[in-house]
Amino acid sequence: MRTHEAGAAAPADRDADNGWETVHPLGGTSLDGVRMAGFRDRAGVGLDLRVLPQPAVVVVIGLGDTPLTVEGPAGRRSLRSLVASLSPGPARIRGERVECVEVTLSPRAAYALLGLPPYELHGSVAGLDDLWGPRARRLGERLTDAGTWHERLALTDEFLTRRAAEAPATSPEVAAAWDAIVASRGRVRVADLAASCGWSRKRLWSRFEAQIGLTPKRAAMLVRFDRAARALCAGERVSDVALTCGYADQSHLHRDVLALSGCTPGALAGMNTTAG
């Protein structure tokens, strides 16, 4: 399942190779840091994806009554809708006849829209009902009843816009630190981040973790890993990925990939994953 840029609904993309119908908007959503797309398993090929850490929180709103099966550190659960944290640990998602709206949130957007501090997700894949309660169920029902993908994406955008109006914003210092980590592709020192916003290292560490869900050091590691994972899955050589993504050497890349994905760079390259 892939995530596409958001905006006004465009005609569906029908991929004959994988049997999935993908509907994504053109332009932008009403909110910064939010992307969305609709997915339908037209050919009945089923879903079987390993979830990798990425610098975004992913919300999947299931349509209809067919649940997704999530296998992870907390065991096996059947969830109609779910949210995957920035670093969800080893997890696998399976499903049959899947139809859903997928929303990808930057950490800054997630802080405002989830309704709880991101660190409370504890690096897991959780049920959306646990976060949004009856609102999540009502949204899923409305999306299921909607006649077109355009209506579904518009309803989702309206729902998120209303939540954002009632939500706290990320502090400017934390937002600037996150943006600097992304801009540097994870190649930045925490001391430099703290100095740039006029805070002590300890204060930045505490505020950043509370609002983003990771420490600045872990966030930089995640952003660097995300770039490396995309390159590995695209077929680039491990030695080249280590060099271009800012790792000290291949051993450094190996350690980080193993820590975040639970497998080696070579194994990661051959996986069917949700990383990108």
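## Remarks on the overall build of the protein
Then, number 1: The secondary structure content of the protein amounts to 11 helices and 13 strands.
Then, number 2: Here the protein has a C-alpha radius of gyration of 19 Å; the compact-globule value for 276 residues is 19 Å, and the two agree.
Then, number 3: Here the protein holds 276 residues, and 50% of them are scored as buried.
Then, number 4: Averaging the coordinates of the 34 positive side-chain charges in the protein and doing the same for the 31 negative ones gives two points 5 Å apart.

## Examining the sheet that holds strand E11 (residues 91-95)
Then, number 1: Taken in spatial order, the 4 strands make up an open sheet running E6-E11-E8-E9, and their pairing is antiparallel. Among the strands making up the open sheet, the edge pair consists of strand E6 (47-51) and strand E9 (75-79). Across the sheet, the axes of successive neighbouring strands diverge by a mean angle of 20°, strand direction being ignored.

## A word on the packing of helix H7 (residues 201-212) against helix H8 (residues 216-233)
Then, number 1: Close contact between H7 and H8 brings their axes to 9 Å; oriented N to C, the two are set at 60°. The angle between the axes of H7 and H8 places the two elements in the oblique class. Residues Leu204, Trp205 and Phe208 of H7 pack against Pro216, Lys217 and Ala219 of H8.
Then, number 2: Looking at the contact of H7 with H8, its residues break down into 5 nonpolar, no polar and 1 charged.

## Here we look at the environment of Thr22
Then, number 1: Considering the arrangement of structural elements, one finds Thr22 in strand E3 (residues 20-23).
Then, number 2: We classify Thr22 as buried; its relative accessible area is 3%.
Then, number 3: Here the alpha-carbon distance between Thr22 and Arg42, two residues 20 residues apart in the chain, equals 9.7 Å.

## Overview of the nonpolar core
Then, number 1: Grouped together as the largest cluster of nonpolar side chains are 64 residues, with contacts concentrated most on Val34, Leu105, Leu160, Leu204 and Phe208.
Then, number 2: It is H8 that provides the largest number of residues to this core, a total of 10 residues.
Then, number 3: Among the nonpolar cores identified, the runner-up in size contains 18 residues, and Trp20, Phe39, Val51 and Cys100 belong to it.

## Details of unusual backbone geometry
Then, number 1: Of note, Arg97 is a non-glycine position whose phi angle comes to about 55°, a positive value.
Then, number 2: Here Arg97 lies in the loop between E11 and strand E12 (99-105).

## Regarding the pairing of E6
Then, number 1: Only one face of E6 is covered, namely the face carrying Leu47, Leu49 and Val51; the face carrying Asp48 and Arg50 is uncovered.
Then, number 2: In this structure, E6 lies alongside E11, joined through 5 bridges in antiparallel fashion. Bridging across to E11, Leu49 finds its partner in Ile93.

## Things to note about the packing of aromatic side chains
Then, number 1: Under the definition given, this model contains 1 aromatic pair.
Then, number 2: For the pair Trp132 and Phe159, a centre-to-centre distance of 5.1 Å together with 55° between the ring planes defines the contact as tilted. Here the residue Trp132 occupies a position in helix H2 (residues 128-132), and Phe159 occupies one in helix H4 (residues 149-165), the gap between them amounting to 27 residues. Like Phe159, Trp132 is buried.

## Re the confidence of the model for the protein
Then, number 1: Within the protein, residue pLDDT values average 88, and 92% of them lie at 70 or more.
Then, number 2: Confidence over residues 1-12 falls short of pLDDT 50; this stretch has 54 contacts with residues more than four positions distant or in other chains.

## Things to note about the packing of helix H6 (residues 190-197) against H7
Then, number 1: Remark: H6 packs on H7, axes separated minimally by 9 Å, with the N-to-C direction vectors making an angle of 95°. In terms of their interaxial angle, H6 and H7 are classed as roughly perpendicular. Here Val190, Ala191, Leu193, Ala194 and Cys197 of H6 come into contact with H7, specifically with Arg201, Leu204 and Trp205.
Then, number 2: Of the residues contributing to the contact of H6 with H7, the split by class is 7 nonpolar, no polar and 1 charged.

## Quick look at the pattern of salt bridges
Oppositely charged side chains can pair when the atoms bearing their charge come close.
Then, number 1: The full count for this structure, using the stated rule, is 15 salt bridges.
Then, number 2: Notably, a salt bridge pairs Arg237 with Asp240, separated by 3.2 Å at the nearest N-O pair.
Then, number 3: One salt-bridge network, in which partners are shared between bridges, spans Glu21, Arg40, Arg42, Glu99 and Arg152.

## With respect to H8
Then, number 1: For H8, spanning 18 residues, the distance from its first C-alpha to its last is 26 Å, which sits close to the expected 26 Å at 1.5 Å a residue.
Then, number 2: Extensive coverage of H8 is indicated by the burial of 13 of its 18 residues.
Then, number 3: Count one or two residues on from H8 and you reach Gly235, which has phi positive near 95°.

Calculation rules
Residues numbered from 1 in each chain as written. Predicted model: local features only at pLDDT ≥ 70, side-chain atom pairs only at ≥ 80, totals over all residues. Heavy atoms only, no water. Helix = DSSP H or I, 4+ residues; strand = E, 2+ residues; numbered from the N terminus. Rg over C-alpha atoms; globule rule 2.2 N^0.38 Å. Buried < 20%, exposed > 50% of the residue type's maximum accessible area, 1.4 Å probe, protein only. Lys, Arg positive; Asp, Glu negative; His and termini not counted. Charge placed at Lys NZ, Arg CZ, Asp CG, Glu CD. Pairing = 2+ DSSP bridges. Axes fitted to C-alpha atoms, helices over the stretch in contact; angles between N-to-C directions. Parallel < 35°, antiparallel > 145°, perpendicular 65-115°, else oblique. Contact = heavy atoms within 4.5 Å. Nonpolar A, V, L, I, M, F, W, Y, C, P; charged D, E, K, R; others polar. Core = buried A, V, L, I, M, F, W, Y, C linked by side-chain atoms within 4.5 Å. Phe/Tyr/Trp six-rings, centres within 6.5 Å; stacked < 30°, edge-to-face > 60°. pLDDT = per-residue confidence, 0-100. Salt bridge = Lys/Arg side-chain N within 4 Å of Asp/Glu carboxyl O. Expected span 1.5 Å × (residues − 1).

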